Amino acid sequence: MQISVISGSPKGEKSVTFQYVRFLEQAFPDHTFTVVHAGREIRAIEEREEVWRGLLATVEGCEGVLWATPVYVMLVPAQLKRFIELVGERNAAEAFSGKYAACLTTSIRFFDHTAHAYLHGVCDDLGMLYTGFCSAHMEDLRNEAFQEQFILFFSDFLEAIIEQRPVQRVFPPLPAASACRVLKTSPAAVDTRGRRVVILHDAEPGSGQEAMVRHLAACYAGPVQVAHVRDAGMKGGCLGCCRCAFENTCIYDDGFRAFWNEYVVPADILVMAGTVRDRFFSAAWKQFFDRSFSNGHVPAFEGKQIAYLVEGPLGHLPNLREVLTGLATMEGANLAGIVTDESDRIDAVLHTLAERSVRLSERGYIAPATFPAVAGHKIFRDEIWGGMRAIFKADDRYYRQHGLYDFPTRDYPKRIVTRATSLAMSIPAFRRDVVEKMPAYMVRPLEKAIETSTVLAKRRAK
Ligand SMILES: Cc1cc2nc3c(=O)[nH]c(=O)nc-3n(C[C@H](O)[C@H](O)[C@H](O)COP(=O)(O)O)c2cc1C
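Examining the nonpolar core
Counting 80 residues, the largest nonpolar core has Trp-67, Phe-83, Phe-96, Leu-200, Phe-288 and Tyr-308 as its most contacted members. By residue number, the principal contributor to this core is helix H11 (residues 318-330), which donates 6 residues. Counting the residues that make up this core, at least three belong to each of domain 1 (2-163) and domain 2 (197-367). For Tyr-308, the contacting residues outside a window of four places in its chain are Met-272, Phe-281, Leu-324, Leu-327, Ala-328, Leu-335, Gly-337, Ile-338 and Val-339. Counting residues in each nonpolar core, the second largest holds 25 residues, with Phe-23, Leu-24, Leu-104 and Phe-154 among its members.

Things to note about the side chain of Lys-81
Note that Lys-81 resides in helix H4 (residues 78-89). Beyond its immediate chain neighbours, meaning those up to four positions away, Lys-81 contacts Leu-75, Val-76, Tyr-118, Arg-277, Asp-278, Phe-280, Phe-281, Ser-282, Ala-283 and Lys-286.

Examining the layout of surface pockets
Counted as a void, the second largest pocket has a volume near 850 Å³. Forming the boundary of the second largest pocket are 33 residues, of which Glu-46, Arg-82, Ala-283, Ala-284 and Gln-287 lie nearest the centre. For the lining of the second largest pocket, the elements supplying multiple residues, two or more each, are helix H2 (42-47), H4 and helix H10 (283-291). For the lining of the second largest pocket, the element with the most residues is H4, which contributes 5 residues. Looking at the lining of the second largest pocket residue by residue, the class counts come to 10 nonpolar, 11 polar and 12 charged.

Parameters at a glance
- Residues numbered from 1 in each chain as written.
- Predicted model: local features only at pLDDT ≥ 70, side-chain atom pairs only at ≥ 80, totals over all residues.
- Heavy atoms only, no water.
- Core = buried A, V, L, I, M, F, W, Y, C linked by side-chain atoms within 4.5 Å.
- Buried < 20%, exposed > 50% of the residue type's maximum accessible area, 1.4 Å probe, protein only.
- Helix = DSSP H or I, 4+ residues; strand = E, 2+ residues; numbered from the N terminus.
- Domains from an automatic or database assignment.
- Contact = heavy atoms within 4.5 Å.
- 1 Å grid on protein atoms, 1.4 Å probe; cavity = no way out; pocket = protein on both sides within 12 Å on 5 of 7 lines; lining within 4 Å.
- Points joined across faces, edges and corners; volume = space filled by probe spheres on them.
- Nonpolar A, V, L, I, M, F, W, Y, C, P; charged D, E, K, R; others polar.

Shown next, in the form of structure tokens:
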């Protein structure tokens, strides 16, 4: 069979993901693999008609499509995102429609599920028959048990094609874009009380996004900096070279770092505005997020209030909401709010967002992390300490200085208490007592925290 591989890594054959494709080629010699290096060749694909036509012919002539891509910032690389946008812009969905599809990613399995949900949604939108995915850790191929499973994954894909298995669509089509609403001027503008407000956007002139940005900026009485991400003057997308790892310095000599330092670093309140293109923000925004990888795994938004303005059907895109939320919370910020143009009271909610963002910023509120940020921290901590720190020197320094290597194994008093309790539990009477009084034992330290709280004492004294 003819299998078309759409490769998302900007590194092409020299990428980690491509080694997994090579493994499949050798494991399945009876099938022909033709590779479209969408990630590496995105410029040529965008600019040269014959390259575009050639790759469409490859897809049209195949029996199955394997999307093979690294996970970059919770999704696919900006270059592959752009490729998917081009398929939409150039009405080329027909070449993909009716083809069986499977997805392969490599990553450290941090927000790999959102990349897969995105690709699955894209396959559904293109009318492809999505059969499943394999999310490999970037080092999994070294493990023969993985190799066996990997072969099973791909065999299942091939069998689906041979058997012409029926496939059910999972992600419903998105509603058509709604007309841009006219926004009324809001009541009294919010005093920013010295807080620095920055709005970054990628709005087209006359778009709903532009109207939301303008309206939100007018909700603040103090100065608001508004900038288009295009003004970062990026020469290209992240190349995945990881040369930034040593000192968090990117090899590109362009405007990205200066833009980041001018707008992102000093912002107390950072609003990012985007328009839904397929099932995510634009490739331009994705490029901006990917390029921020040169900050390493240092929480780049620490202490900030983050908000988003979304033009498009976010209510139908829980995966996009998860990524936007994850970007804020993983980076140590508080998510002050997300406003979309789906709201009937958009003027009012924008005003509330302005008010709330200033209030929360002034008070220094950062909501406690939930599962994705807690889990994400542990993945980074273990990966950096467990090997990446040999190269990611800047991360290692930051993790040491900020106590982020917070393995429970270092908590010696707790380890002693745990060991002692564990030994005592082998005494039947003690064990019976603990089991009977379990709820009491669980709340006792919390009751003590309430009794001895200096925070509560200060509030009572007010
Ligand atoms: C810009 C950039 C962003 C990344 N973002 C993620 C991520 O969000 N989650 C993750 O698990 N790994 C992430 N990684 C790690 C890559 O997914 C991993 O190294 C992958 O195997 C690289 O594949 P490639 O060599 O085919 O490009 C990122 C790497 C880069 C360079």
